[in-house]
Amino acid sequence: TNHPIDGTKLYAEGYDVQVAKIIADELGLELEIKALAWDALIQNLNTGAIDMIIAGMSPTAERLETIDFTASYYESTHVLLVKKDSKYASASKLADFAGATVIGQTGTIYADLVPQAVAAGAVAGNNLATVPLIVNAILNDTVDATIVEEPVAKGIVTNQEGYVYIQLEEQFELDEADKVVSIGVRKSDDKLLEKVNESLAKIQEATRQQLM
């Protein structure tokens, strides 16, 4: 169920990958996945290096100035990832992270939510560029926790020992646009936007939950 990453010997897996495979099959296209820095995604889309962004991106007003987005294919719940033996492993609310060093992924909503943890007593660490780097920092006790979407946390906890994630009793405060995840396309690709929306509409909720 995984898929090769173009130009590497690596493979990608996850909810976004499965959605991408469904859309490619539906549209009769060959799926090609590229590994790009998060901050470079929109630029690569608009220069034609890629044709869609299927990477957990939310349709914020700022992003809508330069690209278009499909209907949503997931609604986010954000959680905190910690080591299983951390003193924060039994936390249930943000106030329980008082004194914890919390970081997020640079340039993402994860980093944008760190100040809410800080307002509850946490300490802001230095955000990092990728989730693997962040997970390694937690492992090495450089930081105590990170904020990620629940599917990301599930993948980490399932595939790596020693981690747990915390579902908060109260959710982070987010703008509505930041709660949903959509597919980014170029503003000139109206026909592709329409076709992808039609494809997404055919994915039943039960199938989405199974993929997740």
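Definitions and limits used
Residues numbered from 1 in each chain as written. Predicted model: local features only at pLDDT ≥ 70, side-chain atom pairs only at ≥ 80, totals over all residues. Heavy atoms only, no water. Helix = DSSP H or I, 4+ residues; strand = E, 2+ residues; numbered from the N terminus. Rg over C-alpha atoms; globule rule 2.2 N^0.38 Å. Buried < 20%, exposed > 50% of the residue type's maximum accessible area, 1.4 Å probe, protein only. Contact = heavy atoms within 4.5 Å. Areas by Shrake-Rupley, 256 points an atom, 1.4 Å probe, with all protein chains shown as cover. Polar contact = N/O pair within 3.5 Å; in protein donor to acceptor, adjacent residues only side chain to side chain. Pairing = 2+ DSSP bridges. Axes fitted to C-alpha atoms, helices over the stretch in contact; angles between N-to-C directions. Core = buried A, V, L, I, M, F, W, Y, C linked by side-chain atoms within 4.5 Å. 1 Å grid on protein atoms, 1.4 Å probe; cavity = no way out; pocket = protein on both sides within 12 Å on 5 of 7 lines; lining within 4 Å. Points joined across faces, edges and corners; volume = space filled by probe spheres on them. Nonpolar A, V, L, I, M, F, W, Y, C, P; charged D, E, K, R; others polar. Arc of directions from axis to C-beta.

Let us now look at the overall build of the protein. When helices and strands are counted, the protein shows nine helices and 10 strands. Here the C-alpha radius of gyration of the protein, 18 Å, is about what a compact globule of 212 residues would show, namely 17 Å. Each principal axis of the C-alpha distribution contributes one length, and for the protein these read about 50 × 35 × 35 Å. Across the 212 residues in the protein, those meeting the buried criterion constitute 43%. Restricting the contact set of the protein to residue pairs at least 6 apart, pairs at least 24 apart contribute 67%. Taken as a whole, the protein presents about 11,300 Å² of accessible surface, with 48% of it coming from carbon and sulfur.

The backbone of Asp141 sits at a positive phi, close to 65°, despite the residue not being glycine. Position of Asp141 relative to the elements: it lies in the loop between α5 (131–139) and β8 (145–149).

What follows concerns the side chain of Thr108. Along the chain, Thr108 falls in the loop between β6 (101–103) and α4 (109–119). Looking at Thr108, its side chain comes within polar contact range of the main-chain oxygen of Gln105, at 2.7 Å.

Here the focus is the pairing of strand β10 (residues 180–185). Counting buried residues along β10, six of its six residues qualify, which places the element largely inside the surrounding structure. By the bridge criterion, two bridges tie strand β3 (residues 53–57) to β10 in an arrangement that is antiparallel. Bridge pairing links Ile53 to Gly184 in β10. As defined by bridge partners, strand β4 (residues 68–75) adjoins β10 across five bridges and the pair is classed as antiparallel. Residue pairing across strands places Asp68 opposite Val185, the latter belonging to β10.

Spatially, β7-β6-β8-β5-β9 is the arrangement adopted by the five strands of the open sheet, whose pairing is mixed. Strand pairing shows two members of the sheet lacking a second neighbour, β7 (123–124) and β9 (163–166), which therefore form its edges. The pairing of strand β5 (residues 78–83) with β9 spans four bridges and is classified as antiparallel. Pairing of Leu81 across the sheet is with Tyr165, part of β9.

So, about the sheet that holds β4. Reading across the sheet, the three strands line up as β3-β10-β4 and stay open at both edges, with antiparallel pairing between neighbours. Only two strands of the sheet have a single partner each, and these edge strands are β3 and β4. Each adjacent strand pair in this sheet contributes to an overall mean axis angle of 30°, direction not counted. Here helix α8 (residues 190–201) sits on the sheet in contact with β4 and β10, set at roughly 20° to β4.

Quick look at the nonpolar core now. With 33 residues, the main nonpolar core has Leu80, Phe97, Val102, Ile147, Leu168 and Phe172 as its most contacted residues. For this core, the secondary structure elements donating two or more residues are β5, β6, α4, α5, β8, α6 (150–159) and β9. Dropping the residues within four chain positions of it, Phe97 is found in contact with Leu80, Val82, Tyr88, Ala91, Gly121, Ala122, Ala145, Ile166 and Leu168. Grouped together as the second largest cluster of nonpolar side chains are 21 residues, Ala20, Ile183, Leu192 and Leu200 included.

Before going further, it helps to examine the layout of surface pockets. Roughly 270 Å³ of volume is contained in the second largest pocket. In terms of lining, the second largest pocket is formed by 13 residues, of which the most central are Trp38, Thr60, Glu62, Arg63 and Gly107. Taken together, the residues of the lining of the second largest pocket sort by class into five nonpolar, three polar and five charged.

Our next topic: α5. Within α5, the full set of buried residues consists of Val131, Ile134, Val135, Ala137 and Ile138. Axial view of α5: buried residues confined to an arc of 155°, hence all on one face. With a side-chain oxygen positioned 3.2 Å from the backbone nitrogen of Leu133, the residue opening α5 is Thr130. Directly after α5, the chain includes Asp141, whose backbone phi takes a positive value near 65°.

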